[in-house]
Amino acid sequence: MASVEHVPVLYRETLQGLALRPGGRYIDSTAGSGGHAAGILEASGPDGTLLALDTDPEAIERTRTRLQPYGERARVVQSNFRDLEATAKREGWEQVDGILFDLGVSSVQLGVARRGFSFQAEGPLDMRMDPTRGPSAADLVNDLGEQELADLIRQYGEEPQAKRIAAAIVRARASRRIETTAQLADLVAQTKGRRGRIHPATTVFQALRIAVNGELDSITLALPQAVRLLRPGGRLAVIAFHSLEDRIVKRFLHEEAKECRCPPRQPVCTCDRQPILRLLSRHAVMPEPGEVEANPRARSARLRVAERL
């Protein structure tokens, strides 16, 4: 396995947001390489415990290695966070003090060409977080109809030229199956043209990755589960890297922090609803300029934190 240094994004801000306490019980639902997980264990003292989850089997192995010095304080399990509640209950990890989601693809996954997440190096067009499950990006690119492809690229990549790109893909695959990251990246670049510093295939790769892994559906399913697992005073911290993820997180947190859901024109509240969460800040926490300079991937990161009431 290729070794790629992983720098946890918004590390200090995330640990502060979780308000880690001695002897606390925590879940890192997207452990990655174990950077945030190790920080949680350090800050929660010798009696603090952590359940580390990830759907990527290679990430699980990296996390196990990283957390080995903590012994039985760390439990590492391969699981998709869309199954967070069932996994936590199975492992005896109910009523926890904090839960972390670090969404999206990690720098380690991007750095391994054979995983197919990046157009920076040629590799198989895969993009599956768990490479043993579901269709790959190549399957979608070669098997979906033109309109389905256009809808996928427009919805998940917010790409204004989605229709043109889908048509170009369908024309190209008619003579040769699109199997590698370089094939797709070159095709998109030829279709859109190259302008500015951002690679023209960025939005297409994002769209395919989200679709392949069902990322947005997983977030929508997992957030309510996380709230149910938190004990009063427990913290939920979510790091998102693009607007589609962050929009889901923001809406969920703000909705669960509302005191009333009655229609706006109704003069008196009749729902008697009590808020479930308290927002620690109405706006997302963004990385400091120094972090972005040291780790350019951090530039799009947004951290939102809420407390269970």
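Refer to the structure printed above.
Read on for a plain summary of the structure. This one's a predicted model, so the numbers in the text were calculated from it and none came from an experiment.

1. Observations regarding the overall build of the protein chain
1) Next: The helix and strand inventory of the protein chain stands at 13 helices and seven strands.
2) Next: In terms of overall size, the protein chain behaves like a compact globule, its C-alpha atoms giving a radius of gyration of 21 Å where 309 residues would be expected to give roughly 19 Å.
3) Next: Expressed as lengths along the three principal axes of its C-alpha atoms, the size of the protein chain is roughly 60 × 60 × 40 Å.
4) Next: Here the protein chain, with 309 residues, has 56% of them falling under the buried criterion.
5) Next: Sequence separation of at least 24 residues holds for 69% of the intrachain contacts in the protein chain that already meet a minimum separation of 6.
6) Next: Of the accessible surface of the protein chain, which amounts to about 14,900 Å², a share of 49% is contributed by carbon and sulfur atoms.

2. Description of the sheet that holds strand 4 (residues 96-102)
Each strand in a sheet pairs with its neighbour through backbone hydrogen bonds, running either in the same direction (parallel) or in the opposite one (antiparallel).
1) Next: Here we have seven strands laid out as an open sheet, ordered 3-2-1-4-5-7-6, and mixed in their pairing. In the strand order of this sheet, the two ends are held by strand 3 (74-78) and strand 6 (277-279), each with one partner. Here the strands of the sheet are splayed against their neighbours by 20° on average, with no regard to which way each runs.
2) Next: Across four bridges, strand 1 (residues 25-28) lies against strand 2 (residues 49-54) in parallel orientation. Note on strand 2: the bridge partner recorded for Ile27 is Leu51.
3) Next: Across the sheet, helix 11 (residues 215-229) lies against strand 1, strand 4, strand 5 (230-240), strand 6 and strand 7 (302-308), angled at about 150° from strand 5, the strand it touches most.
4) Next: Sheet strands touched by helix 12 (residues 243-256): strand 5, strand 6 and strand 7. Its angle to strand 7, the strand with the most contacts, is close to 25°.

3. Describing the nonpolar core
1) Next: Counting residues in hydrophobic clusters, the biggest one holds 63 residues, and the most contacted among them are Ile27, Ile99, Phe101, Leu184 and Leu236.
2) Next: Counting residues per element, this core draws most heavily on helix 11, at seven residues.
3) Next: Other than its neighbours up to four places away in sequence, Phe101 contacts Ser29, Thr30, Phe81, Leu84, Ala222, Leu223, Ala226, Leu236, Ala237, Val238 and Ile239.
4) Next: Of all hydrophobic cores here, the second largest spans 26 residues; its members include Tyr26, Leu100, Phe241 and Leu303.

4. Side note on helix 9 (residues 181-192)
1) Next: Over its 12 residues, helix 9 runs 16 Å from end to end, which matches the ideal 16 Å to within 8%, given 1.5 Å per residue.
2) Next: In terms of burial, helix 9 is largely enclosed, as 10 of its 12 residues are buried.
3) Next: Three or more residues of helix 9 are buried, namely Thr181, Ala182, Gln183, Leu184, Ala185, Leu187, Val188, Ala189, Thr191 and Lys192.
4) Next: At its buried positions, helix 9 is contacted by helix 6 (137-143), helix 8 (162-173) and helix 10 (202-213).
5) Next: Of the residues one or two after helix 9, Gly193 is the one with positive phi, at around 85°.

5. Digging into the pattern of salt bridges
1) Next: Applying the stated criterion across every chain yields a total of 25 salt bridges.
2) Next: Asp126 is the salt-bridge partner of Arg128, the closest N and O atoms lying 2.8 Å from each other.
3) Next: Arg128 gets classed as buried once you look at its relative accessible area, which sits at 16%.
4) Next: The partner of Glu215 in a salt bridge is Arg209, with the nearest N and O atoms 2.8 Å apart. Considered together, Glu215 and Arg209 belong to a single accessibility category, that of buried residues.
5) Next: Here the residues in one salt-bridge network are Asp56, Glu58, Arg114 and Arg115, joined through shared partners.

Analysis parameters
- Residues numbered from 1 in each chain as written.
- Predicted model: local features only at pLDDT ≥ 70, side-chain atom pairs only at ≥ 80, totals over all residues.
- Heavy atoms only, no water.
- Helix = DSSP H or I, 4+ residues; strand = E, 2+ residues; numbered from the N terminus.
- Rg over C-alpha atoms; globule rule 2.2 N^0.38 Å.
- Buried < 20%, exposed > 50% of the residue type's maximum accessible area, 1.4 Å probe, protein only.
- Contact = heavy atoms within 4.5 Å.
- Areas by Shrake-Rupley, 256 points an atom, 1.4 Å probe, with all protein chains shown as cover.
- Pairing = 2+ DSSP bridges.
- Axes fitted to C-alpha atoms, helices over the stretch in contact; angles between N-to-C directions.
- Core = buried A, V, L, I, M, F, W, Y, C linked by side-chain atoms within 4.5 Å.
- Expected span 1.5 Å × (residues − 1).
- Salt bridge = Lys/Arg side-chain N within 4 Å of Asp/Glu carboxyl O.

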